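In case you want the letters, here they are:
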Amino acid sequence: MSRAYRISVSESVRRHVRVEDGVCTSLELLEVLPKESMAELLAKELEGRGFKRDGDKVIRTEEDGVQVEVDLKDGSIKVKLVQEAELESKVERTQALAEITNKAKEALRKSAKATAEQEVDDKRERLRSQVTSKLEKRLADLQQEIDQVTHRVTAEALKVRASQLGEIEEITEDPETGSMTIKVRT
């Protein structure tokens, strides 16, 4: 009568992962004034919305970790989200064998290690998917804000340009339609 032996192995994998997703777009600003003047108006509007100036860029980090960066020179917008996490997986394998060999133990250990690695990779992919989903949700709100910024900067630039052309007699703005009328005496 042969004896059955039970082999048990345990493998764990622990990784610190950093998952990042982002998108780039650009502002569609009319060049009503020279680029430098438009950039200053843009910076002023964005600083009023919580952005911090850093040279030719303004940056704001939202409460949810989304970072918005606007390059004042070229009007590019970078939106990104970074999350870091400690991911861990522990896998135990047990097998009954007629004979205990190092080869059998090693094969069982490799199988457990591969499964643990795959579980950590799956967790990383789920985290990446969550980051992408979170970023997509924030982009809709952000696009609305960017549209408002573009409108305000263009309106301010038109007012400056109108004052350069002559004396402004009247400015009428309709907040519902976003239209503006400027009467200038030349």
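About the cut-offs
- Residues numbered from 1 in each chain as written.
- Predicted model: local features only at pLDDT ≥ 70, side-chain atom pairs only at ≥ 80, totals over all residues.
- Heavy atoms only, no water.
- Helix = DSSP H or I, 4+ residues; strand = E, 2+ residues; numbered from the N terminus.
- Expected span 1.5 Å × (residues − 1).
- Buried < 20%, exposed > 50% of the residue type's maximum accessible area, 1.4 Å probe, protein only.
- Contact = heavy atoms within 4.5 Å.
- Pairing = 2+ DSSP bridges.
- Axes fitted to C-alpha atoms, helices over the stretch in contact; angles between N-to-C directions.

Across its 13 residues, helix α1 (residues 35–47) extends 18 Å between first and last C-alpha, which sits within 8% of the 18 Å expected from 1.5 Å per residue. Those residues of α1 that fall on the buried side of the exposure criterion are Met38, Ala39, Leu41, Leu42, Ala43 and Leu46. At its buried positions, α1 is contacted by β2 (52–54), β3 (57–61), β4 (67–71) and α2 (102–165).

Sheet topology places strand β6 (residues 167–174) next to strand β7 (residues 179–185); 7 bridges connect them, and they run antiparallel. Counted as the bridge partner of Glu173 is Met180 from β7. Hairpin remark: β6 followed by β7, antiparallel, with 4 residues in the connecting loop; positive phi at Gly178, about 80°.

As a further point, take the environment of Glu136. If you trace the backbone, Glu136 turns up in helix α2. For Glu136, a relative accessible area of 54% translates into the label exposed. Along the chain, Glu136 and Ser12 lie 124 residues apart, while their C-alpha atoms are 34 Å from each other.

Before going further, it helps to examine the sheet that holds β4. With antiparallel pairing, the 5 strands of this open sheet are ordered in space as β1-β5-β4-β3-β2. The outermost strands of the open sheet, each flanked by one partner alone, are β1 (5–26) and β2. Averaged over all pairs of adjacent strands, the angle between their axes in this sheet comes to 25°, without regard to strand direction. Bridging between β1 and strand β5 (residues 76–97) involves 22 bridges; their strand directions are antiparallel. Bridge assignment links Ser8 to a residue of β5, and that residue is Thr94.

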